[in-house]
Amino acid sequence: MFWAQGLGVPYFRAMRQVVADLSSFWTERLSATEDIRSSGAEPYVLRRMHQLMREFWIKNLQSQFMSGLMNKSWLALFTVGVGIIFALGAYLVGVGALTVGAVYTSFRYISMLSGSLRDAAQQMESLQRATASFQRIRDLYQTQSQVQDGPGAAIPAGPLAVTLNQVSFAYVPEVPVLKDITFHLAPATVLGLLGRTGSGKTTLARLLFRFYDPVAGEIRLNGVELRTPCLADLRRRIGYVTQDVQLFHASIRDNLTFFDRGVSDARILAALENLSLLSWYQSLPNGLDTVLGAGEFGLSAGEAQLLALTRVFLQNPDLVILDEASSRMDPATERWLDQSVAGLLRGRTAIIIAHRLATIQRVDEIMILENGQIVEHGLRQSLMADSYSRFARLLQTGSMEELI
């Protein structure tokens, strides 16, 4: 029975994996219903669903078959035991070595034992399912992040100086995204980072925030190697606004403070005022207690990004990274936000990743990436004055195609 119990665990584990795949499939597709319909992708989604359902059906049959071995094992033991008793008993009764009553007593004993075997088989069947689940939980628990917490080195206070020395990075081995990136950004300097899609701009921002570690080279903030501070301390010093804003099914207050009750309403209202959002705030039915739905329900895309910038105001970081922070705003809203962003960047180091030229009017330096390498870096005014620079050509044409 113990031998049969071990046979069933891999099949139950495989079934759990299929269930997880199916759940992930539906979570993604249900959240993208409009895109799927507008793109005419319903046949593909249904076909993929049928493939997953078929795989689930096969794995479920296999696991049920292996589970059935437990019931069959105790029944087989009982049948074999009864057969031995009757065969051996008939022989012993025939030679006069045993009475019929002794044979019946032996049969009665094994009948009593069969009930316990049946209960043990049912418990072992449940144990198979539990073991498969425990193994998956154990694997998840033992999974180690490649980004390990630092020993706790302190980063000097004040605006952060950013230094990259021959930094390279690849999501997939042998497919580099960044190659030998070397530059220095002085404290309280604003850098405009330009480049075609896929040039490595967002990856560079992720490395500064330590979502990943470089495969070669080093990154320093105020002279401190990025791997040495604690992750929590490092990320408190950096404000990062991504292209895709994530809002939670919670109140405006919780969405702005990330559920930190230590942030007062006065600080929140001051941040909203700095972003000229007080008129929008006053239109909310319940003020800061207004509950937002998942998927940015009740907010336009531009309003969601304005809230993301308000989070940075509340964090008060020393390095601000804006990754296409105005990509979902119309030009009027972007102009409206320009003065507020200038206030946020004042006295801080900043990196602004942009596709719109209007976004980089206030930067001090320009850096252009191409195929993961720096092809141009210098003061904005100097590059503007150099008619042969890529940045000057970009300003003349107003098109990012000049970055090629």
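Nothing here was measured: the structure is a model prediction, and the numbers come from that model.

Each value, and the rule that gives it
Residues numbered from 1 in each chain as written. Predicted model: local features only at pLDDT ≥ 70, side-chain atom pairs only at ≥ 80, totals over all residues. Heavy atoms only, no water. Helix = DSSP H or I, 4+ residues; strand = E, 2+ residues; numbered from the N terminus. Buried < 20%, exposed > 50% of the residue type's maximum accessible area, 1.4 Å probe, protein only. Contact = heavy atoms within 4.5 Å. Areas by Shrake-Rupley, 256 points an atom, 1.4 Å probe, with all protein chains shown as cover. Pairing = 2+ DSSP bridges. Axes fitted to C-alpha atoms, helices over the stretch in contact; angles between N-to-C directions. Core = buried A, V, L, I, M, F, W, Y, C linked by side-chain atoms within 4.5 Å. Phe/Tyr/Trp six-rings, centres within 6.5 Å; stacked < 30°, edge-to-face > 60°.

Draft legend 1. View of the overall build of the protein. Helix and strand counts for the protein come out as 13 helices and 10 strands. The buried share of the protein, reckoned over its 404 residues, is 42%. In the protein, once contacts between residues fewer than 6 apart in sequence are set aside, the share between residues at least 24 apart is 72%. As presented, the protein carries roughly 21900 Å² of accessible surface, and 57% of it is formed by carbon and sulfur atoms.

Draft legend 2. The arrangement of the sheet that holds strand 8 (residues 349-353) in detail. Strand order across the open sheet formed by six strands is 6-7-8-3-9-10, with mixed pairing between neighbours. Each of the sheet's edge strands pairs with one partner strand only, and the pair in question is strand 6 (238-241) and strand 10 (373-379). Strand after strand, the sheet turns through a mean of 15 degrees between neighbouring axes, direction not considered. As defined by bridge partners, strand 9 (residues 365-370) adjoins strand 10 across six bridges and the pair is classed as antiparallel. The partner of Ile 366 across the bridge, within strand 10, is Gly 378. Here helix 13 (residues 390-397) sits on the sheet in contact with strand 3 (190-195), strand 9 and strand 10, set at roughly 95 degrees to strand 9.

Draft legend 3. Here's a closer look at the side chain of Arg 253. When you line up the elements, Arg 253 lands in helix 7 (residues 252-257). In this structure, Arg 253 is in contact with Arg 261, Asp 265, Ile 268, Leu 288 and Asp 289, ignoring residues within four places of it in sequence.

Draft legend 4. Quick look at the sheet that holds strand 4 (residues 216-221). Here four strands make up an open sheet; going across it, the order is 2-1-4-5 and the pairing antiparallel. Two strands bound the open sheet, and with one partner strand each, they are strand 2 (178-185) and strand 5 (224-225).

Draft legend 5. Here's a closer look at the nonpolar core. Among the nonpolar cores identified, the biggest contains 42 residues, and Ile 252, Trp 280, Ile 366 and Phe 391 are the most heavily contacted of them. The dominant element in this core, judged by the number of residues it contributes, is helix 10 (residues 301-315), at eight residues. Setting aside residues up to four positions removed in sequence, Phe 391 forms contacts with Leu 194, Ile 360, Ile 366, Ile 368, Glu 376, Arg 380, Leu 383 and Met 384. Counting residues in hydrophobic clusters, the runner-up holds 30 residues, among them Leu 185, Val 224, Ile 351 and Met 367.

Draft legend 6. Representation of helix 5 (residues 201-208). Counted residue by residue, helix 5 has seven buried out of eight residues, so it is predominantly covered. Buried residues of helix 5: Lys 201, Thr 202, Thr 203, Leu 204, Ala 205, Leu 207 and Leu 208, and no others.

Draft legend 7. Structural view of the packing of aromatic side chains. For the coordinates displayed, the defined rule picks out 10 aromatic pairs. Linked through ring pairs, Phe 169, Tyr 171 and Tyr 212 together constitute an aromatic cluster.

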